[in-house]
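Descriptive structure summary
If you want the building blocks of each chain, they are given just below.
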Amino acid sequence: MIIKNNISLKDLNTFGMSVVARKFVTIKSKKDLITVLNTNPSNILILGGGSNMLLTKDVDALVLHISIKGIKVISNSENNVRVEVAAGENWHEFVTWCLDKNYGGIENLSLIPGNVGTAPIQNIGAYGAELKDSFVSCQAIHVDTKELRTFTKKDCNFGYRNSIFKEELNGKYIITSVIFELSSHQHTTKINYGAIEAELKKNSVINPTIQDISTAVISIRNSKLPNPKVLGNCGSFFKNPVITYYKFKILKEQFPKIPHYIVSDTTVKIPAGWLIEIAGFKGKKFGNYGVHDKQALVLVNYGNASGKDLLELSIKIQKAVLIIFGINLESEVNIL
């Protein structure tokens, strides 16, 4: 384990921001992590897959690149299996590993960029499923005390793209592994999300397997979302806002075709991509950066944009949506 100086992070963040870390170290074990925290107790930045951050400047801190690896089955029951996954494992590679073993529960989350260790922080979700649906617990190390703690699902206080790790414990713990409970035989699939139903129908799939669902999700994502290895992006930049049913009724009078999803008796979720598109930003290009032409939720780096460029664009979008709809769009990414 060697601490390096002045390391480029361009290839370690999916936006492809060309920023430099003053100090950088690769963490391959819990022991590595505790050693580094003991010798460098402050001014650190945790970096996993780099898929949920916008770097707007050089990082004047010690960057800890979490690369702890390992996947193992820890228990079996009649129709379920519990799997412990190290934080540095790539998320989609873990999904593929599960599919190869016919373990169901996370197939709807196929092709989401990033690593397993950061997935609970965001409570990643897509196409009718969220991480919390199969989450059992995670282990994390306290940055100051170096204590290893187990967090249950209840402890994590999961919400829509949110958890305790983004709120009161923000920056206080580093996740080292996650335990999932998955089905091993009789899978309960989630295919009611419109795009999945349409994709399965197009492929003439009547009784879909978990592999069929994953294939459908991958096809949908590839048709709408740019590959970060080809075009710099971090997936959805904004959260889908949840508004009151009263406000929704007012908006529906003004915009009769407004898409929506009922969350509860009093709240409604509106697709942020639709709001951004109606505001006129879909496909709009500003030199080296802009908004993707197939999915307005995705801000893209066409080559040499800076983090500040994309931050300014996101603020413009937020202001426009607020003026037109009276809705505050909240960033899904971490802006540093």
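Up top is the structure.
These lines cover the structure that appears in this document, whether it is placed above or below. (Residues numbered from 1 in each chain as written. Predicted model: local features only at pLDDT ≥ 70, side-chain atom pairs only at ≥ 80, totals over all residues. Heavy atoms only, no water.)

Considerations on the environment of leucine 45
- Mapped onto the elements of the fold, leucine 45 is located in strand β3 (residues 44-47).
- For leucine 45, a relative accessible area of 17% gives the class buried.
- Put simply, leucine 45 and alanine 129 are 84 residues apart on the chain and 29 Å apart in space, counted from C-alpha to C-alpha.
- Beyond its immediate stretch of four places on either side in the chain, leucine 45 contacts Val59, Leu62, Val63, Leu64 and Leu336. (Helix = DSSP H or I, 4+ residues; strand = E, 2+ residues; numbered from the N terminus. Buried < 20%, exposed > 50% of the residue type's maximum accessible area, 1.4 Å probe, protein only. Contact = heavy atoms within 4.5 Å.)

What to know about the packing of aromatic side chains
- In this structure the tally under the stated criterion is 15 aromatic pairs.
- Centre to centre, the rings of phenylalanine 135 and phenylalanine 158 are 5.0 Å apart; their planes meet at 85°, and the pair counts as edge-to-face. You can see phenylalanine 135 sitting in strand β10 (residues 135-142) and its partner phenylalanine 158 sitting in the loop between α4 (153-156) and β12 (173-183), a full 23 residues away along the chain.
- For phenylalanine 135, a relative accessible area of 3% translates into the label buried.
- The buried category is assigned to phenylalanine 158, whose relative accessible area is 15%.
- Linked through ring pairs, Trp91, Phe94, Trp97, Tyr103 and Phe180 together constitute an aromatic cluster.
- Its guanidinium or amino end placed over the ring of tyrosine 160, lysine 269 lies 4.1 Å from that ring's centre, counting from NZ or CZ.
- Over the ring of phenylalanine 281 we find lysine 284; its NZ or CZ atom is 5.7 Å from the centre of that ring. (Phe/Tyr/Trp six-rings, centres within 6.5 Å; stacked < 30°, edge-to-face > 60°. Lys NZ or Arg CZ within 6 Å of the ring centre and 35° of its normal.)

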